[in-house]
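Coordinate inspection notes
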Amino acid sequence: SNNPPAGQPVGWKGIHIGEAALYLPGELGEIVGNLKITDAYIGNGGFTSTVSDTWAPALSAEIFGMTFSLESVEISFVQNALVASSIKGEITIPFFDAPVDIEIAINLNGSFTVKLGSDDRLFALTKPGLLTMELDSLGFEMKDDVFTAMMSGKIQPLLGGLDWPEFELKEL
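Residues numbered from 1 in each chain as written. Predicted model: local features only at pLDDT ≥ 70, side-chain atom pairs only at ≥ 80, totals over all residues. Heavy atoms only, no water.

**Observations regarding a negative patch on the surface**
What counts here: For patch detection, residues must exceed 30% relative accessible area and be free of salt bridges, and they are connected within 9 Å for like charges or within 5 Å for nonpolar side chains (Val, Leu, Ile, Met, Phe, Trp, Tyr). For the area figures, the Shrake-Rupley method with a 1.4 Å probe applies, and any residue is considered shielded solely by the protein chains shown. Think of a salt bridge as a Lys or Arg side-chain nitrogen and an Asp or Glu carboxyl oxygen that are within 4 Å of each other. Just so you know, the count uses Lys and Arg for positive and Asp and Glu for negative, and it drops His and the chain ends. Charged side chains are reduced to one point each, which is NZ for Lys, CZ for Arg, CG for Asp and CD for Glu. Only DSSP runs of H or I covering at least 4 residues are called helices, and only runs of E covering at least 2 are called strands; the numbering of each starts at the N terminus. Working definition: with a 1.4 Å probe on protein chains only, accessible area under 20% of the residue-type maximum means buried, over 50% means exposed, and in between means partly exposed.
Together, Glu134, Asp136, Glu166 and Glu168 make up a negatively charged patch on the protein surface. Looking at where Glu134 falls in the secondary structure, it is placed in strand β9 (residues 131-143). With a relative accessible area of 36%, Glu134 lands in the partly exposed category.

Next comes the structure, spelled out in structure tokens:
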């Protein structure tokens, strides 16, 4: 037939793979295992597909001294271009002692963004006798081989039995 597959332009030539497994090499493959490729098109317009998987129980690994539990990955490409990405899981940041829900997105320039928690709540932390903190953003940066975590939110000291005011923090 001269009709291209759904979603492909007129004149498209190539191969369609309904579903396949992507085998990752080395240490990454040992941690993640295989990923699923669905509805892949490889042709004169490049590569189009979604690479994904979900893990239950979540996969666990140490990254920059933090425990990261990977629950799902979904990365979509259209004609070799990254068009969507979602990496979901939990991360336990030192000092917080409890996991925080996160969603990581890979940006077109290779950088990434991290969304903390869900749309309807913030992460709250209380260290008795020390502080209470409401975390409303969390950022990460890797520069000159130094990993930095930046937090923004509200903090209230709980020291000395005093009634401390609440402070607004930006990228602490």
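**Describing the pairing of strand β6 (residues 100-106)**
Each regular strand carries side chains that alternate between the two faces of the sheet. Rules: Any two strands are treated as partners once DSSP identifies two or more bridges connecting them.
When strand β5 (residues 81-92) meets β6, the two strands line up antiparallel, connected through 5 bridges. Within β6, the residue paired with Ile91 across the bridge is Val100. Of the strand pairs in this sheet, β6 and strand β7 (residues 112-116) are connected by 5 bridges, and their pairing is antiparallel. Among the inter-strand pairings, Ile104 is bridged to a residue of β7, identified as Val114.

**Quick notes on the pairing of β5**
Pairing geometry for strand β4 (residues 66-78) and β5, over 11 bridges, is antiparallel. If you follow Leu70 over to β5, its bridge partner there is Gly89. Counted along the chain from β4 to the antiparallel partner β5, the turn is 2 residues long, and its residue Gln79 has a positive phi close to 50°.

**Section: the packing of aromatic side chains**
Just so we agree on the cut-off: Between 30 and 60 degrees the pair is tilted, below 30 it is stacked and above 60 it is edge-to-face, where a pair is any two Phe, Tyr or Trp rings, Trp via its six-membered ring, whose centres lie within 6.5 Å.
Scanning all chains against the criterion turns up 2 aromatic pairs. With a centroid separation of 5.7 Å and 85° between ring planes, the pair formed by Trp12 and Tyr41 is classed as edge-to-face. Residue Trp12 is found in the segment before β1 (14-23), and its partner Tyr41 is found in strand β2 (residues 34-43); the two are separated by 29 residues along the sequence. With centroids separated by 5.8 Å and ring planes inclined at 55°, the aromatic side chains of Phe47 and Phe77 adopt a geometry described as tilted. In this pair, Phe47 is assigned in strand β3 (residues 46-63) and Phe77 in strand β4, connecting sequence segments 30 residues apart. Overall, Phe47 belongs to the partly exposed group, its relative accessible area being 22%.

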